[in-house]
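Letter by letter, the chains look like this.
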Amino acid sequence: MINIDSGVSEKEIYYKIIDFFFLYHNNSNKDLDFLKDLSIIEVFNFLRSSNSSFSTEQKDKIMQNAIIIFLALFNDAPPDRFHSLGKELDTLSINEKNLIFSLISNVFNK
C-alpha cells in the first residue's frame with residue numbers, strides 16, 4: 001500500500017504510485033487488486049486530510065491524475081481499446097514517440 005507523508009509534492013504522489021506498481025505488479029491479480037484499491041483509498045484520504053496543504057483545485061487535479069495513472073498501470077486492457085483511431089505503441093515512429101513523451105512530460109511539469 002502507498003504511504004503518503006505530509007509535505008509531499010504533487011510529483012512525489014505520482015512517483016509513489018508508479019513505484020508501488022513496479023514493486024507489486026508481479027503479485028497475483030487478487031492481491032494486486034486489493035493493494036491497488038487500498039492505495040487509491042490512501043491517496044483519497046491523504047488529500048481529504050488536514051495534512052494535505054493543497055488547494056481544493058489542486059486536490060481535484062491530483063486525484064484525477066492519480067486515477068488515470070492507476071488505471072493506465074493496473075488495467076490489462078489498453079487504455080484506448082474503445083477508440084478506433086488508436087495505434088499500437090510498437091507501430092509508432094520515433095518522432096511520434098517523442099511527441100507523446102513530450103506531451104506527457106508537459107502535463108506532469110505544470
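These lines cover the structure that appears in this document, whether it is placed above or below.

What counts and how
- Residues numbered from 1 in each chain as written.
- Predicted model: local features only at pLDDT ≥ 70, side-chain atom pairs only at ≥ 80, totals over all residues.
- Heavy atoms only, no water.
- Helix = DSSP H or I, 4+ residues; strand = E, 2+ residues; numbered from the N terminus.
- Buried < 20%, exposed > 50% of the residue type's maximum accessible area, 1.4 Å probe, protein only.
- Contact = heavy atoms within 4.5 Å.
- Areas by Shrake-Rupley, 256 points an atom, 1.4 Å probe, with all protein chains shown as cover.
- Expected span 1.5 Å × (residues − 1).
- Phe/Tyr/Trp six-rings, centres within 6.5 Å; stacked < 30°, edge-to-face > 60°.
- Salt bridge = Lys/Arg side-chain N within 4 Å of Asp/Glu carboxyl O.
- Axes fitted to C-alpha atoms, helices over the stretch in contact; angles between N-to-C directions.
- Parallel < 35°, antiparallel > 145°, perpendicular 65-115°, else oblique.
- Left-handed = near helix turned anticlockwise from the far one by under 90°.
- Nonpolar A, V, L, I, M, F, W, Y, C, P; charged D, E, K, R; others polar.

Our next topic: the overall build of the protein. The number of helices and strands found in the protein is four helices and zero strands. Starting at the N terminus, the α and β elements of the protein follow one another as α-α-α-α. By the burial criterion, 25% of the 110 residues in the protein qualify as buried. A separation of at least 24 residues holds for 60% of the contacts in the protein among residues at least 6 apart in sequence. Accessible surface, the protein as shown: approximately 8100 Å² in total, 56% of it carbon and sulfur.

The subject of this paragraph is helix α3 (residues 56-74). In a regular helix each residue adds 1.5 Å, so 19 residues correspond to 27 Å; α3 covers 27 Å between its end C-alpha atoms and thus fits that length. Those residues of α3 not exposed but buried are Ile62, Met63, Asn65, Ala66, Ile69, Phe70 and Phe74.

Right, let's talk about the side chain of asparagine 65 for a bit. Looking at the element boundaries, asparagine 65 is found in helix α3. Judged by its relative accessible area of 16%, asparagine 65 falls in the buried class. Ignoring anything within four residues of it in the chain, the contact list for asparagine 65 reads Glu10 and Tyr14.

Further remarks concern the packing of aromatic side chains. Under the definition given, this model contains four aromatic pairs. When the ring of phenylalanine 21 is compared with that of phenylalanine 22, the centres are 5.2 Å apart and the planes differ by 70°; the resulting orientation is edge-to-face. Taking relative accessible area as the criterion, phenylalanine 22 reaches 53% and is therefore assigned exposed. Connected via pairs of aromatic rings, a cluster forms that spans Phe20, Phe21, Phe22, Phe70 and Phe74.

To continue, consider the pattern of salt bridges. In the structure shown here, the tally under the stated rule is one salt bridge. With a shortest N-O distance of 3.4 Å, lysine 61 and glutamate 10 are connected by a salt bridge. Here the residue lysine 61 occupies a position in helix α3, and glutamate 10 occupies one in helix α1 (residues 10-24), the gap between them amounting to 51 residues.

What follows concerns the packing of α1 against α3. Running from N to C, α1 and α3 point in directions that differ by 20°, and their axes come no closer than 10 Å. Judged by the inter-axis angle, α1 sits roughly parallel to α3. Like other packed secondary-structure pairs, α1 and α3 cross with a definite hand, here right-handed. Contact with α1, carried on its side by Glu10, Ile13, Tyr14, Ile17, Ile18, Phe20 and Phe21, involves Lys61, Ile62, Asn65, Ala66, Ile69, Phe70, Leu73 and Phe74 of α3 and no other residues of that element. Taken together, the residues of the contact of α1 with α3 sort by class into twelve nonpolar, one polar and two charged.

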